Amino acid sequence: MSTNGSGNAEEIPDVRTAAAGDSPAAGDASGKRVLVTGANAGIGFWTSLQLAQRGAEIIMGCRDAAKAGAAMAAIRARVPEARLRIVSMDVSDLGSVAEAVNELDALNRLDVLIANAGMVHTPRSRQQSVDGLELVAATNYFGHFALVAGLLPLLDRTPGARVLTLGSLSTLLVRPHLGDPQLLEHYTSWRAYARSKIMVQSFAFELDRRLQRTRSTTRALCAHPGYSISGRTPAVFGVNEPNTFKRVVDTLQAPFTQGKNQGAWPVVRAALDPAAFATAGPVFYGPRAWVKGAATKLVPAAITTETDAARTIWKAAESATGISLLS
């Protein structure tokens, strides 16, 4: 489904470049086609905007058509020449993912797949997706596993394509309980979120290892946005409209937070940095000060780079989705 929109809003500065001492973030994305899941809000919106500002064609994978249209209008208001397309996609629903794959597979190329969509505010009690999977894992990991598996032939038709997942600082702070991939016995809202982020980070690094053992030129990497919150993010009609109380409360956290517009910097850099794979993996980007700041390469949580854990996490996705990928 392709949709166009228009709108007016305040001017927003372009994405910040890398700090001195870092390899430069590419400033030109002209000719690149990028799929961003969850592109209508949060980090996904700002990533889409900043890449559009750099000349990329953006495919916005969104589950809510109205919110997607508002986000498209906001981007067009700032980048009138932006090349945008909306594809209906609910990553918590494997059927929806399969339909999106069928639509996108007709394309001749896809330079970057940014697996951004996800649940941050997770339910207090365990819930299931339409496929009977634990909802947070289904949204943040299993759906994206199926999406990558379905689009890998398209990515492989594009020399130097990238798969980019969204990690989190929470990966440093929780025991993953990898033997219980559906959290049947250990569910808490915090554990569900943090464990899902361990899985998506691990997936990116294991995917890269497996891709390098093939003839594929596609590579995989991960980025995290730091501690990025709505109240410190520029207001955008229909996309980010925090009330005064939220602004005040979030401003009190200024020493260790940043806006989601800034949280998108590591994602954009990971998507475009020509030096991303100049050194051996795993390749992981985040804010220089971990919670905020300019984008740079970082060392990921140890659990996300362990090969035994990666095999367990990979098998859990194959079991949940019924899809075999590079096995």
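Structure first, text after, so check above.
Below or above, wherever it landed, is the structure these notes cover. (Residues numbered from 1 in each chain as written. Predicted model: local features only at pLDDT ≥ 70, side-chain atom pairs only at ≥ 80, totals over all residues. Heavy atoms only, no water.)

Digging into the overall build of the chain
So, step 1. Secondary structure summary: the chain contains nine helices and ten strands in total.
So, step 2. The C-alpha radius of gyration computed for the chain amounts to 18 Å, which stays within 12% of the reference 20 Å derived for 327 residues, consistent with globular compactness.
So, step 3. Counting only C-alpha atoms, the chain reaches 50 × 45 × 45 Å along its principal axes.
So, step 4. The buried share among the 327 residues of the chain stands at 57%.
So, step 5. Counting only contacts in the chain whose residues sit at least 6 apart along the sequence, the fraction spanning at least 24 positions is 74%.
So, step 6. In the form shown here, the chain has an accessible surface area of approximately 13,400 Å², with 52% of it arising from carbon and sulfur atoms. (Helix = DSSP H or I, 4+ residues; strand = E, 2+ residues; numbered from the N terminus. Rg over C-alpha atoms; globule rule 2.2 N^0.38 Å. Buried < 20%, exposed > 50% of the residue type's maximum accessible area, 1.4 Å probe, protein only. Contact = heavy atoms within 4.5 Å. Areas by Shrake-Rupley, 256 points an atom, 1.4 Å probe, with all protein chains shown as cover.)

Considerations on the nonpolar core
So, step 1. In this structure, Leu 35, Leu 113, Tyr 141 and Leu 151 are the most contacted members of the largest nonpolar core, which totals 49 residues.
So, step 2. Residue assignment for this core shows that the elements contributing at least two residues are helix 3 (94–104), strand 4 (112–115), helix 4 (135–156), helix 5 (189–212) and helix 9 (307–321).
So, step 3. When residues in this core are grouped by element, the largest group, 13 residues, is from helix 4.
So, step 4. Once residues lying within four places of it in the same chain are set aside, the contact partners of Tyr 141 are Val 136, Ser 196, Met 199, Val 200, Phe 203, Ile 313, Trp 314 and Ala 317. (Core = buried A, V, L, I, M, F, W, Y, C linked by side-chain atoms within 4.5 Å.)

Quick look at the packing of helix 5 against helix 9
So, step 1. Here helix 5 crosses helix 9 at 105°, and the two axes come no closer than 9 Å. When the axis of helix 5 is compared with that of helix 9, the two are roughly perpendicular. In contact with Ile 198, Met 199, Ser 202, Phe 203, Glu 206, Leu 207, Arg 209 and Arg 210 of helix 5, helix 9 contributes Thr 307, Ala 310, Arg 311, Ile 313 and Trp 314.
So, step 2. Grouping the constituent residues of the contact of helix 5 with helix 9 by class yields seven nonpolar, two polar and four charged. (Axes fitted to C-alpha atoms, helices over the stretch in contact; angles between N-to-C directions. Parallel < 35°, antiparallel > 145°, perpendicular 65-115°, else oblique. Nonpolar A, V, L, I, M, F, W, Y, C, P; charged D, E, K, R; others polar.)

Observations regarding the pairing of strand 5 (residues 162–166)
So, step 1. In terms of burial, strand 5 is largely enclosed, as five of its five residues are buried.
So, step 2. Neither face of strand 5 is exposed, since Arg 162, Leu 164 and Leu 166 on one face and Val 163 and Thr 165 on the opposite face are all buried.
So, step 3. The pairing of strand 4 with strand 5 spans four bridges and is classified as parallel. When the sheet's bridge partners are listed, Ile 114 is paired in strand 5 with Leu 164.
So, step 4. Crossover connection from strand 4 via helix 4 to parallel strand 5: handedness right-handed.
So, step 5. The sheet contact formed by strand 5 and strand 6 (residues 219–223) spans five bridges and is parallel. Bridge pairing links Leu 166 to Ala 223 in strand 6.
So, step 6. For the handedness criterion, the β-α-β arrangement of strand 5, helix 5 and strand 6 is classed as right-handed. (Pairing = 2+ DSSP bridges. Right-handed = clockwise from strand over helix to strand, strands pointing away.)

Quick word on the environment of Val 249
So, step 1. Counting through the fold element by element, Val 249 comes out in helix 6 (residues 244–251).
So, step 2. Between the C-alpha atom of Val 249 and that of Ala 82, which follows or precedes it by 167 residues, the distance is 34 Å.

Quick word on the packing of aromatic side chains
So, step 1. Enumeration over the complete set of coordinates arrives at nine aromatic pairs.
So, step 2. A centroid spacing of 6.1 Å and a plane angle of 25° characterise the contact between Tyr 227 and Phe 256, whose relative ring orientation is stacked. Taken together, the positions of Tyr 227 in the loop between strand 6 and strand 7 (228–229) and Phe 256 in the loop between helix 6 and strand 8 (258–259) put the pair 29 residues apart, joining distant regions of the chain.
So, step 3. By relative accessible area, which is 40% here, Phe 256 ends up partly exposed.
So, step 4. Within the aromatic cluster, the residues linked to one another by ring pairs are Tyr 141, Phe 142, Phe 145, Phe 203 and Trp 314. (Phe/Tyr/Trp six-rings, centres within 6.5 Å; stacked < 30°, edge-to-face > 60°.)

A word on the pairing of strand 1 (residues 33–37)
So, step 1. Burial within strand 1 is extensive, with five of its five residues counted as buried.
So, step 2. Two elements, strand 1 and strand 2 (residues 57–62), share five bridges in a ladder whose sense is parallel. Across the sheet, residue Leu 35 finds its bridge partner in strand 2, namely Ile 59.
So, step 3. Each parallel crossover has a hand, and the one from strand 1 via helix 1 (residues 42–53) to strand 2 is right-handed.
So, step 4. Across three bridges, strand 1 lies against strand 4 in parallel orientation. Note that in strand 4 the partner of Val 36 across the bridge is Ile 114.

A few points about the packing of helix 4 against helix 5
So, step 1. In the contact formed by helix 4 and helix 5, the axes pass within 7 Å of each other and the chain directions differ by 20°. Regarding the angle of helix 4 to helix 5, the classification is roughly parallel. Of the two elements, helix 4 crosses helix 5, and the hand of that crossing is right-handed. Touching Val 136, Ala 137, Asn 140, Tyr 141, Phe 145, Val 148 and Leu 152 of helix 4 are Ala 192, Tyr 193, Arg 195, Ser 196, Lys 197, Met 199, Val 200, Phe 203, Leu 207 and Leu 211, all from helix 5. (Left-handed = near helix turned anticlockwise from the far one by under 90°.)

Examining the sheet that holds strand 1
So, step 1. Strand order in the open sheet formed by eight strands is 3-2-1-4-5-6-9-10, and the pairing between neighbours is mixed. Among the strands making up the open sheet, the edge pair consists of strand 3 (83–88) and strand 10 (295–297). Taken pair by pair, the neighbouring strands of this sheet meet at an average axis angle of 20°, ignoring direction.
So, step 2. Strand contacts of helix 2 (residues 65–78): strand 2 and strand 3, with the helix running at about 170° to strand 3, the strand carrying the most contacts.
So, step 3. Contacts from helix 3 reach strand 1, strand 2 and strand 3, with the element oriented near 140° to strand 3.

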